[in-house]
Amino acid sequence: MSDIKEQIFHELTKLEEAAAGLRATAVNAGKQTDLEVAILTEQVRNLRSKNARATELIDQSVEILKKLKPAG
């Protein structure tokens, strides 16, 4: 009977270790995902800023071309 108890406790210990490893993996994956989201968010912010600036420059260019166009 004590051999069975010992085996059960041994298996429970292995199960606890496996669960701890999975928890650590999940935490690390969550941190990696948070980092990736932060990087992508910053990239989108930069692209939106550049897009807004490009739109301003295009609008200015169109206005200049309208002024230069001869009336006809």
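Residues numbered from 1 in each chain as written. Predicted model: local features only at pLDDT ≥ 70, side-chain atom pairs only at ≥ 80, totals over all residues. Heavy atoms only, no water.

Below, the discussion takes up the overall build of the protein chain. Scanning the protein chain from N- to C-terminus turns up one helix and zero strands. Computed over C-alpha atoms, the radius of gyration of the protein chain comes to 31 Å, more than 25% over the 11 Å expected from 2.2 N^0.38 for 72 residues, which places it beyond the range of a compact globule. The principal-axis extents of the C-alpha atoms in the protein chain amount to approximately 105 × 15 × 5 Å. Looking at the protein chain residue by residue over its 72 residues, the buried ones come to 0%. Of the roughly 6900 Å² of accessible surface on the protein chain, 62% is carried by carbon and sulfur atoms. Side chains of the protein chain give 11 positive and 11 negative charges; the mean places of these two sets differ by 16 Å. (Helix = DSSP H or I, 4+ residues; strand = E, 2+ residues; numbered from the N terminus. Rg over C-alpha atoms; globule rule 2.2 N^0.38 Å. Buried < 20%, exposed > 50% of the residue type's maximum accessible area, 1.4 Å probe, protein only. Areas by Shrake-Rupley, 256 points an atom, 1.4 Å probe, with all protein chains shown as cover. Lys, Arg positive; Asp, Glu negative; His and termini not counted. Charge placed at Lys NZ, Arg CZ, Asp CG, Glu CD.)

Moving on to the environment of I39. Of note, I39 is situated in helix 1 (residues 2–68). Once the C-alpha coordinates of I39 and L12 are considered, the two residues, 27 residues apart in sequence, prove to be 41 Å apart.

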